[in-house]
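# Results of the structural survey
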Amino acid sequence: MEHEEIMLGNGAIALGLVESGCQMVTSYPGTPSSEILPEVISRVKAEGLNTYTEWSTNEKVALDNAFAAAVAGKRSACCMKQVGLNVAADSLMSAAYIGNIGGLLIISCDDPGPHSSQTEQDTRFMARLAKVPVLDPGDPQEAREMVKFGMDLSEEFQIPVVLRPAIRVCHARQNISPEPIKTGEQKASFEKNPSRWAATPKFRLMLHGELNRKLKEIGERFSSANHFNFHNLEHDRHYALGIVAGGVPSAVIRDILAEEGRNDIPLLKIGTPFPFPDALADEFASACDRLLVIEETDTLIEYLLRDRNRVLGRLTGHVPEQGELVPEVVYGVVNRVLKELGLNPFKREEDIAVRELVKNLELPVRRPSLCPGCPHRASFYAIRKAIPKAIFTSDIGCYTLGLNLGGVDTCLDMGAAITMASGFYHSFEQDGKKQPIVATIGDSTFFHSGTAGLLNAVYNNARFVLVILDNEVTAMTGMQPTPGIGIRADGSEAKSISLERIVSGCGVEYIEVVDPYDLEGMNTVLKKAFEYTESRDGGIAAIISRHPCVIDNHEKAIPKKIKVQVTDDCTSCNFCLERFECPALYYDDDLGRVNINRHICADCGLCIQVCPQKAIVEVKEH
Amino acid sequence: METTNIVLCGLGGQGILFMTKVLAQAALDKGHNLMCAETHGMAQRGGSVVSHLRIGDAKGSLVQEGTAHLVLALEENEGYRNLPFLARGAGFYVNADRRKFPKEGLKPFFEQKEIRFRSVDAGKLAMELGAPMSLNLALLGFFSAFGDGPLTHEEIRTTIESITAKRFRDINLRLFDAGFEKGSMLL
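In this text, all values refer to a predicted model and were calculated from it rather than measured experimentally. (Residues numbered from 1 in each chain as written. Chains lettered and ligands numbered in written order. Predicted model: local features only at pLDDT ≥ 70, side-chain atom pairs only at ≥ 80, totals over all residues.)

## What to know about the sheet that holds strand E9 (residues 230-231) of chain A
Residue and element names in this part refer to chain A. Taking strand neighbours across the sheet as the criterion, the five strands line up as E9-E11-E10-E12-E13 in an open arrangement whose pairing is mixed. Looking along the sheet, the strands with just one partner apiece sit at the ends: E9 and strand E13 (311-312). Looking at chain direction, strand E12 (residues 288-294) and E13 are connected through two bridges and run parallel. Bridge assignment links Leu-291 to a residue of E13, and that residue is Val-311. Each of strand E10 (239-246), strand E11 (267-270) and E12 is contacted by helix H11 (residues 247-260), which is oriented at about 140° to E10, the strand it contacts most. In the packing of helix H14 (residues 327-340) onto the sheet, the strands contacted are E10, E12 and E13, and the crossing angle to E12 comes to about 160°. (Pairing = 2+ DSSP bridges. Helix = DSSP H or I, 4+ residues; strand = E, 2+ residues; numbered from the N terminus. Contact = placed C-beta atoms within 7 Å. Axes fitted to C-alpha atoms, helices over the stretch in contact; angles between N-to-C directions.)

## Some points on the nonpolar core
Counting residues in hydrophobic clusters, the biggest one holds 166 residues, and the most contacted among them are A:Ala66, A:Ile294, B:Ala68, B:Val71, B:Leu72, B:Ala138 and B:Leu139. Here B:Ala68 is in contact with B:Asn5, B:Ile6, B:Val7, B:Val63, B:Phe85, B:Leu86, B:Ala87 and B:Ala90, once residues within four sequence places are set aside. In this structure, A:Leu405, A:Val503, A:Cys506 and A:Val566 belong to the second largest nonpolar core, which totals 77 residues. (Core = buried A, V, L, I, M, F, W, Y, C linked by C-beta atoms within 7 Å. Buried ≥ 20, exposed ≤ 12 C-beta atoms within 10 Å, placed from the backbone.)

## Let's talk about the domain arrangement of chain A
Assigned domains within chain A: domain 1 (5-223), domain 2 (230-349), domain 3 (375-553) and domain 4 (564-618). For domain 1 of chain A versus domain 4 of chain A, the separation of C-alpha centres amounts to 49 Å. (Domains from an automatic or database assignment.)

## Observations concerning the packing of helix H17 (residues 416-430) of chain A against helix H18 (residues 443-459) of chain A
Residue and element names in this part refer to chain A. Between H17 and H18, the least distance of the axes is 8 Å, while the angle of their chain directions is 20°. Classed by the angle they form, the pair H17 and H18 counts as roughly parallel. With respect to the hand of their crossing, H17 and H18 are arranged in left-handed fashion. Residue-level contacts link Ile-418, Thr-419, Ala-421 and Ser-422 of H17 to Gly-450, Gly-453, Leu-454, Asn-456 and Ala-457 of H18. Classifying every residue of the contact of H17 with H18 by side-chain character gives four nonpolar, five polar and no charged. (Parallel < 35°, antiparallel > 145°, perpendicular 65-115°, else oblique. Left-handed = near helix turned anticlockwise from the far one by under 90°. Nonpolar A, V, L, I, M, F, W, Y, C, P; charged D, E, K, R; others polar.)

## Comments concerning helix H7 (residues 166-184) of chain B
All names here are of chain B. Given a rise of 1.5 Å per residue, 19 residues ought to cover 27 Å, and the 27 Å separating the end C-alpha atoms of H7 matches this to within 8%. For H7, the set of buried residues is Asn-172, Leu-175, Phe-176, Ala-178, Gly-179, Phe-180, Lys-182 and Gly-183. For H7, the secondary structure elements touched by its buried residues are strand E6 (116-120), helix H4 (122-128), helix H5 (135-144) and helix H6 (153-163). (Expected span 1.5 Å × (residues − 1).)

## Some words on helix H5 (residues 89-98) of chain A
Along an α-helix, residues three or four positions apart point the same way, because every turn accommodates 3.6 residues. All names here are of chain A. Looking at H5, one finds that the buried residues are Ser-91, Leu-92, Ala-95, Ala-96, Tyr-97 and Ile-98. The inward-facing, buried residues of H5 contact helix H3 (59-71), helix H4 (82-87), strand E5 (104-109), helix H6 (123-130), helix H9 (194-197) and helix H10 (201-223). Downstream of H5 by a residue or two, Gly-99 has a phi angle that is positive, lying close to 80°.

## A look at the environment of A:Asn404
Residues and elements named next belong to chain A. Within the element layout of this structure, Asn-404 appears in the loop between strand E14 (391-394) and strand E15 (410-411). Accessibility expressed as a C-beta count within 10 Å gives 18 for Asn-404, which makes it partly exposed. The spacing of Asn-404 and Arg-488 is 84 residues in sequence and 33 Å in space, taken between C-alpha atoms.

## A short note on the packing of H11(A) against H14(A)
Residue and element names in this part refer to chain A. Contact pair H11 / H14: the axes reach a minimum separation of 10 Å and the direction vectors enclose 65°. Crossing of H11 over H14 shows right-handed handedness. Residues Pro-249, Val-252, Ile-253 and Ile-256 of H11 form the contact with H14, whose own contacting residues are Pro-327, Val-330, Tyr-331 and Val-334. Classifying every residue of the contact of H11 with H14 by side-chain character gives eight nonpolar, no polar and no charged.

## Here's the deal with the sheet that holds strand E4 (residues 76-81) of chain A
Residue and element names in this part refer to chain A. Read across the open sheet, the six strands follow the order E3-E2-E4-E5-E7-E6; overall the sheet is parallel. Only two strands of the sheet have a single neighbouring strand rather than two, namely strand E3 (52-55) and strand E6 (134-135). Note that E6 and strand E7 (residues 161-163) share two bridges and pair parallel. When the bridges of E7 are listed, Val-134 appears paired with Val-162.

Put into structure tokens, the structure is as follows:
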């Protein structure tokens, strides 16, 4: 039997990349894309390949680097989450016109749900906007094949290709057989051609025309049935209803139709939604009275079908306009359409009773929370205590969960802690009002998008306290290294970039480094910093709150374990539960007071500093 | 073969992913195709964690509500949260105090749907053996005693032995065996 591995979807994508001879892979971590680059690196190491990999500082940087490699003739790829493609959009739009020599694959992972994102935006529309082909896989194996297909297509037509795996591809696992891997052998070369590589608007018009010609040709190729686009119409048969689906929902609907044994409902599966396979879709539509479109997350296929009069989908209210199309939702959607059209319904009815039953159990709501021992908890506790009346602008990362401690009031996008702080400052200052503002941003987020906003804030005389939560890692997405710690993606040594020097270089004159585990010390520094922002000759005050992530480096984060217990002095004031919000602290009904959950307590001992009754004490072991 | 749908649930940090990996690898070693769906990212920070495992020729990774043949819960309330996944005649295996399981008012539901509901205090068992973080193995051992689903006790045990890191192998097998013993006593 051939050797098979159980592979994460992102691992299958990584396998496709090395199998396609990709010579450079760049990425900025973001759920659900984060595992692609580490999986590439582990393949590269295992096979001894010469593939350049990097964690780039942001997605635009990642795309620009990969683009340059493709211009130099090499196959390259960059990986990011869907909102990361917004950051890289400037590059994408322009790269589409200029085109590439070696294959260039842009992997942008969508998050219908959303499970771990600000939006449910649909990468396919971004590809449509940029006028580049987009591939939409339904499972890990198809994603792997599409990587190789996309790389070939990109190279043949000299056009960037977008792969859009959704979270149920990225974080699915499937058994997959790896094939022998060929190393990319292309040597870098750059042929000067300013009218293309540095095109001015006059040449851009020509490049746009060329792009349109490429798209037309690719569209024709996509249009006939192929490995990714197919239907199961029977010859000369006519149907009351046909389903058009792409990506993950196409896998869901194939399972449902098979289980229900419904060969009276044909399926058109579309893996290449743009350029749209018009001829294939027309052929399918002509055999069906009605079409139901099931796609994630938006309405690309629905918009691109030429005759929309017979189409049911989101635009007609038949498919939910937000949220993930999980199997029970798809089942319900199709079943309702079957009934509406007077066709045989599915075998099973939706079980509303069981949902009622679960609802009536009043199960505890589990909200995500900062880990026990997390240094961010200490920072937020200190910030709220020192400057309680402030507006707390914050950012994207684990520390967004500071909202549980009342320490996060806003979260817009990467870097907006700083830009919104300056925006708020000017809005209130304009009215002659003094409004304290504290911005919190993580180290990785600051490296990603902090400096432009900070330069701007300093330049335009904004005043606020900036706290950089430096836990020396990109924690939320799975412990990727940051430029600050001197380690690269593959574990090799790197030049470590100093946050202090960047902040200073941006023109900030007040910089303090604190350890948030010293709550009292941080409190004092915060108050001093706030005074500086209010003083006549003051400005922006930056505090670097530095302590390692408790998950990434437990030993360094908690060098001395402090076992705590709650004494009978606890008055159940609940101050610790509400203001410190550590998952290891809970109200014990049997004892009638707060207690410690020993299974999850990190032994950081911070709560000793928090309890107003001094009822949390260290356990003295004899 | 007909697809076997399994939902595994609990809280972040309880070892759902490892438990899923064991069953998936055992199924693969037996020559089955499989699809799993995992929880990553924000949801992992102490919240509810669910993973889906489909053994057979399914195309999609998610189990549809009402079609799970098995639900394995490392935490009792998380088990109840996932009740909608249970199919008629399914097996429901939960880490819970046997004296208090199941929660009041649920027996009629289980009986009406012909659901086999079984619990073991896996947390206590793991604590007694000095490995509170390995309660997932205890539940898996307990489950394996009933021969429910396409994998046998021996197949699951062999897989644990082959995929566990060396330093955890002994303790993992001890917990698995202890859970198995608890289950065997109920047969």
